[in-house]
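Structural features, examined
Listed here are the chains, written in short residue letters.
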Amino acid sequence: MSEIKIPLKMHVGGPCSPIVKVGDRVLRGQLIAEPSGLGANIHASYTGEITAVTETDIVIKADDKQNFDEYVKIPDTKTNLEAIAAAGVVGAGGAGFPTAVKLKTEIPQGCFIANCAECEPLLAHNIHQIETNAAQLVRGVKYAMEITKAPKGYIAIKPKHKKAVIELIKACRNEDNIDVFRLPDMYPAGDERVIVREVMGIELEPGQLPGTVGACIDNAETLKNIALAIEERKPVIDKDITVSGRVAHKESVFVDVPIGTPMGDLIERAGGFINPHGEIVVGGPQTGRTGSEDTPVTKTSGGCLVAMPFPQEKRKAGILICECGGSEERLTQVAEAMGAEVVSKERCKRMVEVNGRYRCGLPGKCPGQAEKVMALKRGGAEVLVVGTCSE
């Protein structure tokens, strides 16, 4: 078994502080790093020996034989919220916000919403989770409702996922205060502001958090991890992953992949590369980032997507930046990988600056961009590289 790299930052906040040293032997599930501020506990996902501890990672030389059904359970806790904190649960949909911190806010006049949009194209692991274990998701919702004192719960999902919707309806049959809510089939339906708008009929301002209107939102896999922490005392040591694109077995869903597993191992499990192939994208196609076969699975990894080779484009390029899609850095990277020179940049007309960060003024309702396109053209652009704009 190769060495496994466990990142010390898999969450919103600063890197965790290691509590192990080189030479220590650790067991799967053992606590190996703790947050010093905002963050979440990190546990060993493999049994083995610590071979390196750096500012960014803990490296484990994993034993050749692993029993992934066994793990060190989190300690007994007085409350379910403490169990969630001990297990190191974070937003598994990519945000990585510590779940125990989010659930501390009580919303006795509000609602808890399970985000099951599975919004990014190609990703399929959340829907697979619901199709195979909808009851576990519903239990996770009930735990979250109890902790936040939310009187009402919603499970927000797109109706095109017919099997998952049917399983949810069955699982909610005796739950009078939990409803299955049908989301529109659009991008980014999984954005928390879109979720609040569709479910509650409230339009959040850019930068306004759901908690200000009595909403708390977690995605499907986060709720799975909540249920596992409470019912089985399991720390977050595994992640569900979709592997898709230029691989032999398209849209492979791998359940409970140990954190730290290299993406190359998953590509091999999916039948290997189809050649020619381009970059490996970690995450979804819209908001993912460039990775490699050595990139480790983290608590927030959603996809391992193998792209086509970039078409070559030697004309001067302009990029149109969208808050809901590729960042300025990502779009520039894509344009340069195509061989283009980026000569002008513009932001979508919906983007507004809030506290030093650009946000979408109305996610999911894309405007026409003629004015921005003309500005890019005046800047010397002969071709455009865009993210998610519908027009």
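Glancing now at the overall build of the protein chain. Across its full length, the protein chain holds nine helices and 21 strands. Taking 21 Å as the expected radius of gyration for a compact globule of 391 residues, we find that the protein chain reaches 21 Å, a close match to that expectation. Projected onto the principal axes, the alpha-carbon positions of the protein chain cover approximately 65 × 50 × 40 Å. Excluding contacts between residues fewer than 6 apart, the proportion of contacts in the protein chain whose partners are at least 24 apart in sequence is 68%. For the protein chain, the computed accessible surface area is about 17500 Å², with 49% contributed by carbon and sulfur atoms. Across the protein chain, the 47 positively charged side chains and the 51 negatively charged ones have centroids separated by 3 Å.

Let's shift gears to the sheet that holds strand E7 (residues 57-62). Two pairing modes exist for strands in a sheet, parallel and antiparallel, and in both the strands are linked by backbone hydrogen bonds. Strand order across the open sheet formed by four strands is E1-E7-E6-E3, with antiparallel pairing between neighbours. In this open sheet, the two strands that pair with only one neighbour each are strand E1 (3-7) and strand E3 (25-26). When strand E6 (residues 48-53) meets E7, the two strands line up antiparallel, connected through five bridges. Across the sheet, residue Val 53 finds its bridge partner in E7, namely Ile 58.

Looking only at helix H4 (residues 162-171), the buried set comprises Ala 164, Val 165 and Leu 168. Each buried residue of H4 lies within a common arc of 100° when the element is viewed along its axis, so the set occupies one face. Facing away from the buried surface of H4 by more than 90 degrees, the exposed residues are Lys 162 and Lys 163. Check the buried side of H4 and you find it contacts helix H3 (125-148), strand E9 (152-157) and strand E10 (178-182).

Moving on, we get to a nonpolar patch on the surface. Side chains of Val 12, Leu 38 and Val 101 sit close together on the surface and give an oily, nonpolar patch of about 190 Å² of accessible area. Residue placement: Val 101 occurs in helix H2 (residues 99-103).

Right, let's talk about the packing of aromatic side chains for a bit. Tallied over the full model, the rule gives one aromatic pair. Measuring from ring centre to ring centre gives 5.5 Å for Tyr 46 and Phe 68, while their planes differ by 85°; the resulting arrangement is edge-to-face. Here Tyr 46, found in the loop between strand E5 (42-43) and E6, pairs with Phe 68, found in the loop between E7 and helix H1 (80-87); they are 22 residues apart in sequence, far enough to count as distant. We note Lys 152 situated over the ring of Tyr 154; from NZ or CZ to the ring centre the distance is 5.6 Å. The ring of Tyr 71 carries Lys 234 above its face, with NZ or CZ at 5.8 Å from the centroid.

With that settled, the discussion passes to empty space enclosed by the protein. Tallied over the full model, the rule gives one cavity of 30 Å³ or more. In terms of lining residues, the largest cavity is bounded by Glu 221, Lys 224, Asn 225, Leu 228, Lys 234, Pro 235, Val 236, Ile 237, Asp 238, Lys 239, Asp 240 and Asp 256. When contributions to the lining of the largest cavity are tallied by element, the ones reaching two or more residues are helix H6 (220-232) and strand E12 (238-245). Broken down by element, the lining of the largest cavity gets its largest block of residues, four residues, from H6. For the lining of the largest cavity, the per-class residue count stands at four nonpolar, one polar and seven charged.

Before going further, it helps to examine H1. Within H1, the full set of buried residues consists of Ala 83, Ile 84, Ala 86 and Ala 87. The buried residues of H1 all sit within an arc of 165° when viewed along its axis, so they share a single face. Elements in contact with the buried residues of H1: E5, H2, H3 and H6. Looking one or two places after H1, you find Gly 88, whose phi comes out positive at around 75°.

Phe 112, Ile 130, Ile 155 and Ile 157 are the most contacted members of the largest nonpolar core, which totals 56 residues. Per element, the largest residue contribution to this core is 10 residues, and it comes from H3. When residues no more than four places from it in sequence are discounted, the contact partners of Ile 155 are Ala 114, Cys 116, Leu 137, Val 138, Val 141, Leu 168, Cys 172, Ile 178, Asp 179, Val 180 and Phe 181. Ranked by size, the runner-up nonpolar core spans 16 residues in total, among them Leu 183, Met 186, Val 199 and Ile 217.

The rules behind each value
- Residues numbered from 1 in each chain as written.
- Predicted model: local features only at pLDDT ≥ 70, side-chain atom pairs only at ≥ 80, totals over all residues.
- Heavy atoms only, no water.
- Helix = DSSP H or I, 4+ residues; strand = E, 2+ residues; numbered from the N terminus.
- Rg over C-alpha atoms; globule rule 2.2 N^0.38 Å.
- Contact = heavy atoms within 4.5 Å.
- Areas by Shrake-Rupley, 256 points an atom, 1.4 Å probe, with all protein chains shown as cover.
- Lys, Arg positive; Asp, Glu negative; His and termini not counted.
- Charge placed at Lys NZ, Arg CZ, Asp CG, Glu CD.
- Pairing = 2+ DSSP bridges.
- Buried < 20%, exposed > 50% of the residue type's maximum accessible area, 1.4 Å probe, protein only.
- Arc of directions from axis to C-beta.
- Patch = residues over 30% accessible without salt bridge, like charges linked within 9 Å, V, L, I, M, F, W, Y side chains within 5 Å.
- Salt bridge = Lys/Arg side-chain N within 4 Å of Asp/Glu carboxyl O.
- Phe/Tyr/Trp six-rings, centres within 6.5 Å; stacked < 30°, edge-to-face > 60°.
- Lys NZ or Arg CZ within 6 Å of the ring centre and 35° of its normal.
- 1 Å grid on protein atoms, 1.4 Å probe; cavity = no way out; pocket = protein on both sides within 12 Å on 5 of 7 lines; lining within 4 Å.
- Points joined across faces, edges and corners; volume = space filled by probe spheres on them.
- Nonpolar A, V, L, I, M, F, W, Y, C, P; charged D, E, K, R; others polar.
- Core = buried A, V, L, I, M, F, W, Y, C linked by side-chain atoms within 4.5 Å.

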